[in-house]
Amino acid sequence: MNVGTLADLGQIAGMPSVPSIARFIAARDDFPVIQHGRYGKPFVLDLDAAAAFVREHWRDGRNERTVRRIAAMQEAAAADPQHPLPGLFDHNAQDASAG
């Protein structure tokens, strides 16, 4: 067992930033922590178990939220016949209107 701090975990290749890891630890009761950091005490972690836990459970939701938001906007535009750009990416509709 490699024992280290939150900063040590953040130095391992492929790990998110230290603030992101701290928020992740706070959100997950099952995160493998030996000692929680508080009032000047550092987090003490089993680095091997913590890195494996992050690799297994970490999801960077920023991209997923963007994809869902764009999909919702596209669905709303497709459902609204008064949308200012209906059929913008529908090449068949453009070809028919040009002919």
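Attention now moves to the overall build of the protein. Broken down by element type, the protein carries five helices and three strands. Secondary structure of the protein in N-to-C order comes out as β-α-α-β-β-α-α-α. Here the protein holds 99 residues, and the buried ones make up 19% of them. Excluding contacts between residues fewer than 6 apart, the proportion of contacts in the protein whose partners are at least 24 apart in sequence is 49%. When the accessible surface of the protein is split by element, carbon and sulfur atoms take 54% of a total near 7,400 Å².

This part covers helix α2 (residues 18-27). Buried within α2 are the following residues: Ser 20, Ile 21, Phe 24 and Ile 25. When α2 is viewed along its axis, its buried side chains cluster within an angular range of 140° and face the same direction. Away from its buried face, by an angle of more than 90 degrees, α2 presents the exposed residues Arg 23, Ala 26 and Ala 27. Here the buried face of α2 lies against α1 (6-10), β2 (33-35), β3 (44-46) and α3 (47-57).

What follows concerns the environment of Ala 49. For Ala 49, the position within the fold is in helix α3. Taking the relative accessible area as the measure of exposure, Ala 49 reaches 30% and is therefore partly exposed. Put simply, Ala 49 and Val 3 are 46 residues apart on the chain and 9.7 Å apart in space, counted from C-alpha to C-alpha.

The next point concerns a nonpolar patch on the surface. On the surface, a cluster of nonpolar side chains totalling about 340 Å² of accessible area is made up of Met 1, Val 3 and Ile 34. Checked against the element boundaries, Ile 34 lands in strand β2.

So, on to the confidence of the model for the protein. This prediction gives the protein a mean pLDDT of 79; 71% of its residues lie at or above 70. Helix α5 (residues 91-98) is the least confidently modelled element of the protein, averaging 52 in pLDDT, while β3 averages 94, the highest of any element.

Take the side chain of Ser 20 next. Within the secondary structure, Ser 20 sits in helix α2. We classify Ser 20 as buried; its relative accessible area is 16%. Of the polar contacts made by the side chain of Ser 20, one reaches the side chain of Ser 17; its length is 2.9 Å.

Applying the stated criterion across every chain, the model contains one salt bridge. When the shortest N-O distance is used, the salt bridge between Arg 28 and Asp 30 registers 2.9 Å. Since its relative accessible area comes to 24%, Arg 28 is described here as partly exposed. Residue Asp 30 is classed as partly exposed on the basis of its relative accessible area, which comes to 45%.

Calculation criteria
- Residues numbered from 1 in each chain as written.
- Predicted model: local features only at pLDDT ≥ 70, side-chain atom pairs only at ≥ 80, totals over all residues.
- Heavy atoms only, no water.
- Helix = DSSP H or I, 4+ residues; strand = E, 2+ residues; numbered from the N terminus.
- Buried < 20%, exposed > 50% of the residue type's maximum accessible area, 1.4 Å probe, protein only.
- Contact = heavy atoms within 4.5 Å.
- Areas by Shrake-Rupley, 256 points an atom, 1.4 Å probe, with all protein chains shown as cover.
- Arc of directions from axis to C-beta.
- Patch = residues over 30% accessible without salt bridge, like charges linked within 9 Å, V, L, I, M, F, W, Y side chains within 5 Å.
- Salt bridge = Lys/Arg side-chain N within 4 Å of Asp/Glu carboxyl O.
- pLDDT = per-residue confidence, 0-100.
- Polar contact = N/O pair within 3.5 Å; in protein donor to acceptor, adjacent residues only side chain to side chain.

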